[in-house]
Amino acid sequence: MRDFLGSTAGKTFLSFSIKDPRRSLTNLPVLFRTVASYGSRAVEWRGPRHCHIVMKRDFLPPAYHEGAFQALMEFLHLRCVEVTGQVTGALDSEYELRWQ
């Protein structure tokens, strides 16, 4: 994630949302479409500092995405970050992202 955020595409993504973590996380499906031609992603807000991400038809394991989400949230300088993921199908997973 850090390498991607340092790339031209990553810098463009951040330029639109770096000052607003909610906007950055809401735009995660756009970010993933930039780097992956497969699968779908959706973000639901469950509170001002809590979002739920659903990923379908994604080949990477949940631990990979947990680390990427953690790195993005730390890059955004969020405090007390908590990222948890679970497998919901053969190529499907869901994630809870929280911070203070």
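Residues numbered from 1 in each chain as written. Predicted model: local features only at pLDDT ≥ 70, side-chain atom pairs only at ≥ 80, totals over all residues. Heavy atoms only, no water.

### Remarks on the overall build of the protein
Convention followed: Starting at the N terminus, helices and strands are each numbered in turn, a helix being any DSSP run of H or I of at least four residues and a strand any DSSP run of E of at least two. We compute the radius of gyration over the C-alpha atoms and compare it with the globule rule, which gives 2.2 Å times the number of residues raised to the power 0.38.
Check the secondary structure of the protein and you find five helices and four strands. Counting from the amino terminus, helix and strand elements in the protein follow one another as α-α-α-α-β-β-α-β-β. Expected size for 100 residues packed as a compact globule is a radius of gyration near 13 Å; at 13 Å, the protein falls within 12% of this value. With the C-alpha coordinates aligned to their principal axes, the bounding extent of the protein is approximately 35 × 30 × 20 Å.

### Description of the environment of Arg23
Locating Arg23 in the fold gives a position in helix H3 (residues 21-26). For Arg23 and Arg2, which are 21 residues apart along the polypeptide, the C-alpha to C-alpha distance reads 18 Å.

### Side note on the packing of aromatic side chains
Put simply, the test is: The rule is short: rings of Phe, Tyr and Trp, with Trp giving its six-membered ring, pair when the centres are within 6.5 Å, and they are stacked under 30 degrees, edge-to-face over 60, tilted in between. Only protein chains enter the accessibility calculation, which uses a 1.4 Å probe. A residue is then buried if its area is under 20% of the maximum for its type, exposed if over 50%, and partly exposed in between.
Summed over all chains, the structure comprises four aromatic pairs. Taking 5.1 Å as the distance between ring centres and 70° as the angle between the ring planes, the aromatic pair formed by Tyr38 and Phe59 counts as edge-to-face. Taken together, the residues span a long stretch of sequence, with Tyr38 in the loop between helix H4 (28-35) and strand S1 (40-47) and Phe59 in the loop between strand S2 (50-56) and helix H5 (62-75) at a distance of 21 residues. The exposed category is assigned to Phe59, whose relative accessible area is 58%. Between Trp45 and Trp99, the ring centres sit 6.0 Å apart and the planes meet at 85°, which makes this aromatic pair edge-to-face.

### Things to note about H4
The cut-off we apply is this: Comment: arc refers to directions from the helix axis out to C-beta atoms.
If you check which residues of H4 are buried, you get Leu28, Pro29, Leu31 and Phe32. Down the axis, H4 shows its buried residues gathered within 155° of arc, on one side only.

### Description of the pattern of salt bridges
Here is the rule we go by: Between Lys or Arg on one side and Asp or Glu on the other, a salt bridge is scored when a side-chain nitrogen of the former is within 4 Å of a carboxyl oxygen of the latter.
In total, this model carries five salt bridges according to the counting rule given. As a salt-bridge pair, Lys56 and Asp92 come within 3.9 Å of each other at their nearest N and O atoms. Taken together, the positions of Lys56 in strand S2 and Asp92 in strand S4 (residues 92-98) put the pair 36 residues apart, joining distant regions of the chain. Each of Glu44, Arg46 and Glu96 takes part in a single network of salt bridges with overlapping partners.

### Observations concerning the nonpolar core
Threshold: By nonpolar core is meant a set of buried Ala, Val, Leu, Ile, Met, Phe, Trp, Tyr and Cys residues that side-chain atoms within 4.5 Å join together. Two residues qualify as a contact provided that any one of their heavy atoms is within 4.5 Å of a heavy atom in the partner residue.
Ranked by size, the top nonpolar core spans 21 residues in total, and within it Leu25, Leu28, Ile53, Phe69, Met73 and Leu97 carry the most contacts. Elements represented by at least two residues in this core include exactly helix H1 (2-6), helix H2 (8-17), H4, S2, H5 and S4. Setting aside anything within four residues of it in sequence, one finds Ile53 in contact with Leu28, Ala42, Val43, Phe69, Ser93, Glu94, Tyr95 and Leu97.

Bear in mind that shape data such as this cannot, by itself, settle questions of function.
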